[in-house]
Protein chains: 4
Amino acid sequence: MSSKYKLLKEECYEANMELNALGLVIYTFGNVSAVDRENAVFGIKPSGIPYETLKPEDIVIMDYDNNVVEGNMRPSSDTKTHSYLYKNWENIGGVAHTHAMYSVSWAQAQRDIPIFGTTHADHLTQDIPCAPPMADELIEGNYEHNTGIQILDCFKERSLDYNEVEMVLIGNHGPFAWGKNAAKAVYNTKVLETVAQMAYLTLQINPQATRLKDSLIKKHYERKHGKNAYYGQ
Amino acid sequence: MSSKYKLLKEECYEANMELNALGLVIYTFGNVSAVDRENAVFGIKPSGIPYETLKPEDIVIMDYDNNVVEGNMRPSSDTKTHSYLYKNWENIGGVAHTHAMYSVSWAQAQRDIPIFGTTHADHLTQDIPCAPPMADELIEGNYEHNTGIQILDCFKERSLDYNEVEMVLIGNHGPFAWGKNAAKAVYNTKVLETVAQMAYLTLQINPQATRLKDSLIKKHYERKHGKNAYYGQ
Amino acid sequence: MSSKYKLLKEECYEANMELNALGLVIYTFGNVSAVDRENAVFGIKPSGIPYETLKPEDIVIMDYDNNVVEGNMRPSSDTKTHSYLYKNWENIGGVAHTHAMYSVSWAQAQRDIPIFGTTHADHLTQDIPCAPPMADELIEGNYEHNTGIQILDCFKERSLDYNEVEMVLIGNHGPFAWGKNAAKAVYNTKVLETVAQMAYLTLQINPQATRLKDSLIKKHYERKHGKNAYYGQ
Amino acid sequence: MSSKYKLLKEECYEANMELNALGLVIYTFGNVSAVDRENAVFGIKPSGIPYETLKPEDIVIMDYDNNVVEGNMRPSSDTKTHSYLYKNWENIGGVAHTHAMYSVSWAQAQRDIPIFGTTHADHLTQDIPCAPPMADELIEGNYEHNTGIQILDCFKERSLDYNEVEMVLIGNHGPFAWGKNAAKAVYNTKVLETVAQMAYLTLQINPQATRLKDSLIKKHYERKHGKNAYYGQ
């Protein structure tokens with residue numbers, strides 16, 4: 001099957017399969033999308049299809065206004081959240097949503113994940129925000145679209161930069177993560193899940209545990225992401 | 001070995017093996033049955049046979065009054081609970097029972113599992129009920145049959161609909177789950193185990209965590225199961 | 001290599017490998033022995049040999065007085081505990097010792113594991129005993145032999161029957177389990193580890209959780225082990 | 001590719017891969033080095049290279065003053081901590097650093113890991129120390145070098161011997177472990193992670209759990225490491 005979106009579908013497919021391989025989803029409890037900025041479309045997992053049977057050609061190609069551009073299947077029920085993020089955050093290339101265990105548990109607890117250590121600071125300098133549940137009328141309305149609004153509102157209120165904080169918890173629901181491409185969105189989902197488990201255990205061992213001090217946050221973030229970064233090749 | 005129940009045995013066998021593959025059982029701590037409504041019989045795992053050596057032809061075919069219709073082995077010791085559910089709940093096609101870790105722990109704690117998030121609401125709108133332990137004379141009597149009665153009494157008292165709430169905890173014992181077929185009963189067992197772990201972690205992170213609000217429960221349940229459902233293909 | 005203890009070595013080897021396959025040990029943190037009552041000898045894992053390189057012919061054959069009967073290697077450092085149990089408990093055919101996670105954690109907490117549910121009662125009717133640490137002079141003396149005495153003292157004090165209660169925790173140390181043969185000792189080690197995790201989680205969910213009531217203990221134990229047992233084939 | 005450090009690179013490579021196989025790292029969250037005392041160099045994992053693609057020839061050879069002796073890649077960002085340890089502790093042959101779950105959680109809790117049982121005492125007689133976070137000016141300065149100083153200061157203050165206590169937690173960061181060679185450093189990392197989880201669970205089961213008594217600490221440590229050790233072959 002020839003398609004001008006073949007590479008996009010493959011990128012999206014690989015990222016979805018990686019989500020599964022990393023133990024971040026059971027059944028169909030997750031979805032990843034990948035964007036093609038030049039053509040202003042994104043590929044996303046079809047709704048309710050098990051990872052075991054998913055194929056690259058099943059990926060649905062959508063525009064930012066939620067029209068199907070190519071594909072025979074219905075896209076993920078969370079598609080409108082993905083499109084809202086692509087439309088508003090021009091630098092992101094991929095989005096992932098899961099119901100991963102520890103991330104969901106913090107979301108259900110309606111708690112931000114405090115920055116307790118360098119594993120967290122290697123990736124971002126802020127607590128991982130937990131957006132509050134939406135007002136009833138927004139839930140009853142265009143729910144998935146409004147979930148996108150909810151994320152942006154949360155970032156605006158807290159003055160967070162989506163280029164640095166590449167993850168969020170939706171209260172009572174679960175995590176969304178993004179990045180420069182779909183693989184990075186999956187990576188951030190795994191990092192969030194790991195940091196969520198570490199923060200949970202930290203508070204079990206010491207309920208008075210304190211946040212990492214500013215000098216260490218800065219050191220670890222900068223050595224990986226700063227102007228003079230010396231991590232990696 | 002030819003048998004008019006060949007397909008039923010295979011369905012039942014596959015579901016039992018899936019229980020094992022999903023990490024929901026160790027040794028012989030679980031059993032799944034599958035019903036054939038036309039012939040008013042069900043297939044069930046033989047008692048005490050390890051999953052490693054189980055074969056489709058080992059599945060025992062029973063009628064609803066607990067008579068062996070076909071098979072050389074003794075059926076699961078929990079057979080009478082299965083038959084009681086099939087006899088009284090005409091819409092179900094499969095039943096699964098396990099001693100899965102987190103489900104059993106809530107059962108041993110004698111606590112309902114509160115609906116804390118959308119992972120739960122994607123599947124049912126109610127807390128997952130924990131039926132209280134039986135009166136002594138019922139335990140000493142026809143125990144497994146009475147376990148079936150206990151489940152139905154619990155659903156009656158709380159006005160629950162078995163078509164929507166497809167799972168229950170038996171206090172101090174463990175979970176039973178059911179569904180339109182055996183595979184769905186196993187799926188529900190896995191969902192219950194996942195939701196049980198999430199609820200446990202949620203309360204560890206925030207002992208004052210509150211139940212999901214009604215609008216979100218409704219939204220998530222309806223988008224998967226309502227008249228205008230838009231989840232899946 | 002021909003040996004009159006070839007079968008015994010193989011039984012012992014298989015049981016040790018199963019311990020590893022079940023995730024009950026890391027590195028060399030465990031050992032299983034198997035007895036040959038007719039010849040009054042037992043085979044045991046050599047000390048400090050990784051499971052990855054263990055071979056059936058490495059198993060050391062010992063008499064009950066801790067003399068090597070056959071074998072070139074030094075037996076497990078816990079050998080004298082095994083021999084003491086074989087010498088005093090004539091019905092047992094295998095013994096297993098590990099540092100499995102949840103069993104050790106209860107031992108380190110110096111707490112008996114309360115009988116909270118039917119998973120426990122399917123195997124024994126009593127709380128799983130945690131023997132207190134030994135007096136200093138016994139530790140400094142013939143330590144592993146005295147660990148055997150400590151186990152028997154614990155059973156005597158509490159009037160426990162080793163034919164029913166096939167497992168014990170040594171305070172601050174870890175679990176020992178036994179059974180009619182080495183495979184059953186390994187099985188009991190896995191059951192203990194599972195029940196230990198369930199009891200831990202139960203108390204986390206409900207710190208006021210109560211022990212299983214007598215009628216349920218009796219029902220579940222008897223249906224598997226009583227005169228009129230109807231579990232298994 | 002011929003190199004006088006071929007064997008050193010292979011030892012280092014194998015130890016890094018073992019870290020991954022033991023589940024002690026995700027992505028690139030860890031590094032192991034191995035020293036060649038005769039040539040006063042050590043091999044270390046290159047920075048930011050995934051374990052899936054790491055090859056023996058990628059290992060970077062460094063001298064103790066952090067000059068690259070051989071290799072085209074940038075060494076681990078933690079290299080200066082490794083070199084500081086090699087320079088000051090002449091008996092060690094390998095160093096490992098990870099962000100393993102339970103070790104990091106204790107580090108984030110800024111708590112020493114109490115010696116609760118024999119699993120711990122089989123390896124060391126002391127609580128596992130958690131070094132406090134550094135002063136801000138040290139963090140802003142030569143951070144990784146200063147992490148080495150921080151470890152040595154912690155050992156000096158507490159009069160610990162690095163030949164016996166082969167592991168440490170850096171507050172808010174994570175574990176470092178070492179040993180006579182790289183494989184032993186990885187082994188100690190796994191032992192630390194296991195003991196960290198056991199201690200966490202012990203305190204959850206019994207918040208008043210007490211440290212192991214001296215006679216048992218001595219007995220277990222001596223039988224494995226003392227003059228008259230009788231553990232192993």
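Chain A appears in an unreviewed UniProt entry as L-ribulose-5-phosphate 4-epimerase from Flagellimonas chongwuensis. Among the UniProt annotations of chain A, the heading Catalytic activity (unreviewed entry) holds the following wording: "L-ribulose 5-phosphate = D-xylulose 5-phosphate".

What follows concerns the interface of chain B and chain A. Facing 35 residues of chain B, the contacting portion of chain A comprises 35 residues. Carbon and sulfur atoms supply 54% of the area buried between chain B and chain A, which totals about 3,100 Å² over both sides. Taken as a group, Met198, Ile205 and Gln233 of chain B account for 21% of the area that chain B buries against chain A, more than any other trio of residues on that side. At the junction of chain B with chain A, the criterion picks out 3 salt bridges. Here Glu144 of chain A and Arg223 of chain B are joined by a salt bridge, their closest N and O atoms 2.5 Å apart. Applying the counting rule to chain B against chain A returns 22 residue pairs in polar contact (both at pLDDT 80 or more). Among the secondary structure elements, those contributing two or more residues to the side of chain B that touches chain A are helix H4 (118-121), helix H7 (182-205) and helix H8 (214-225) of chain B. For the side of chain B that touches chain A, the residue count by class is 16 nonpolar, 14 polar and 5 charged.

Counting residues at the interface gives 35 residues for chain B and 35 residues for chain C. Taking both sides of the interface into account, the surface hidden between chain B and chain C amounts to around 3,100 Å²; carbon and sulfur atoms contribute 54%. Here Arg223 of chain C ties to Asp78 of chain B by a salt bridge, and the two come within 3.3 Å at their closest N and O atoms. The interface formed by chain B and chain C includes 22 residue pairs in polar contact (both at pLDDT 80 or more). Of all elements in the fold, only helix H3 (101-108), helix H5 (136-140), helix H6 (143-157) and H7 of chain B reach the threshold of two or more residues within the side of chain B that touches chain C. When the residues that make up the side of chain B that touches chain C are grouped by side-chain class, the tally is 17 nonpolar, 12 polar and 6 charged.

What follows concerns unusual backbone geometry. Residues and elements named next belong to chain B. Non-glycine residue Asn66 carries a positive phi angle of around 70°. By the element assignment, Asn66 lies in the loop between strand S3 (60-63) and strand S4 (68-70). In this structure Asn66 comes out as partly exposed when scored by relative accessible area, which is 25%. A positive phi angle is found at Gln110, which is not glycine, with a value near 55°. By the secondary structure assignment, Gln110 is in the loop between H3 and H4.

Each copy superposes on the other: chain B lies on chain C with an RMSD of 0.0 Å after a rotation of 90° and an axial shift of 0.0 Å. Taken together, the rotation and translation relating the two chain copies correspond to the operation of a four-fold axis. No C-alpha of chain B approaches the rotation axis more nearly than that of Gln204 of chain B, which lies at 5.7 Å. A share of only 6% of interface residues in chain B that are also interface residues in chain C marks the association as one of differing surfaces.

For the rest of this paragraph, the subject is the pattern of salt bridges. Inspection of every chain in the model, using the stated rule, returns 38 salt bridges over all chains. Between Lys87 of chain B and Asp65 of chain B there is a salt bridge, with the nearest N and O atoms lying 2.5 Å from each other. Residue Lys87 of chain B is found in helix H2 (residues 79-88), and its partner Asp65 of chain B is found in the loop between S3 and S4; the two are separated by 22 residues along the sequence. Each of Asp78 and Glu144 of chain A together with Arg223 of chain B takes part in a single network of salt bridges with overlapping partners.

Take the relation of the copies chain B and chain A next. For the pair chain B and chain A, the superposition axis carries a translation of 0.0 Å, the fit reaches an RMSD of 0.0 Å, and the rotation angle comes to 90°. Comparing interface residues between copies, only 6% of those in chain B also sit at the interface in chain A, which points to a heterologous contact through distinct surfaces.

Our next topic: helix H1 (residues 6-21) of chain A. Residues and elements named next belong to chain A. Look at H1: 22 Å from first C-alpha to last across 16 residues, which is about the 22 Å you get at 1.5 Å a residue. When H1 is considered as a whole, its buried residues turn out to be Leu8, Lys9, Cys12, Tyr13, Ala15, Asn16 and Leu19. Viewed along the axis of H1, the buried residues span an arc of 165°, placing them on a single side of the element. Structural note: H1 exposes Leu7, Glu14 and Ala21 on the side pointing more than 90 degrees away from its buried face. Lining the buried residues of H1 we find strand S1 (30-36), strand S2 (41-44), strand S3 (60-63), strand S4 (68-70), strand S5 (94-98) and helix H7 (182-205). Phi turns positive, to about 75°, at Gly23, one or two residues after H1.

Moving on, we come to the sheet that holds S3 of chain B. All names here are of chain B. With respect to topology, 8 strands assemble into an open sheet ordered S4-S3-S2-S1-S5-S8-S7-S6, the strand pairing being mixed. Lying at the two open borders of the sheet, with one neighbouring strand each, are S4 and strand S6 (130-131). Direction of pairing for strand S5 (residues 94-98) relative to strand S8 (residues 174-179): antiparallel, over a ladder of 4 bridges. Bridge pairing links His97 to Phe176 in S8. Across the face of the sheet, H7 comes into contact with strand S1 (30-36), S5, strand S7 (167-170) and S8 while running at roughly 140° to S8.

Definitions and limits used
Residues numbered from 1 in each chain as written. Chains lettered and ligands numbered in written order. Predicted model: local features only at pLDDT ≥ 70, side-chain atom pairs only at ≥ 80, totals over all residues. Heavy atoms only, no water. UniProt positions renumbered as here; feature names shortened; annotations may be inferred. Contact = heavy atoms within 4.5 Å. Buried area = accessible area lost by both parts, 1.4 Å probe. Salt bridge = Lys/Arg side-chain N within 4 Å of Asp/Glu carboxyl O. Polar contact = N/O pair within 3.5 Å; in protein donor to acceptor, adjacent residues only side chain to side chain. Helix = DSSP H or I, 4+ residues; strand = E, 2+ residues; numbered from the N terminus. Nonpolar A, V, L, I, M, F, W, Y, C, P; charged D, E, K, R; others polar. Buried < 20%, exposed > 50% of the residue type's maximum accessible area, 1.4 Å probe, protein only. Least-squares fit on C-alpha atoms with pLDDT ≥ 70 in both. Expected span 1.5 Å × (residues − 1). Arc of directions from axis to C-beta. Pairing = 2+ DSSP bridges. Axes fitted to C-alpha atoms, helices over the stretch in contact; angles between N-to-C directions.

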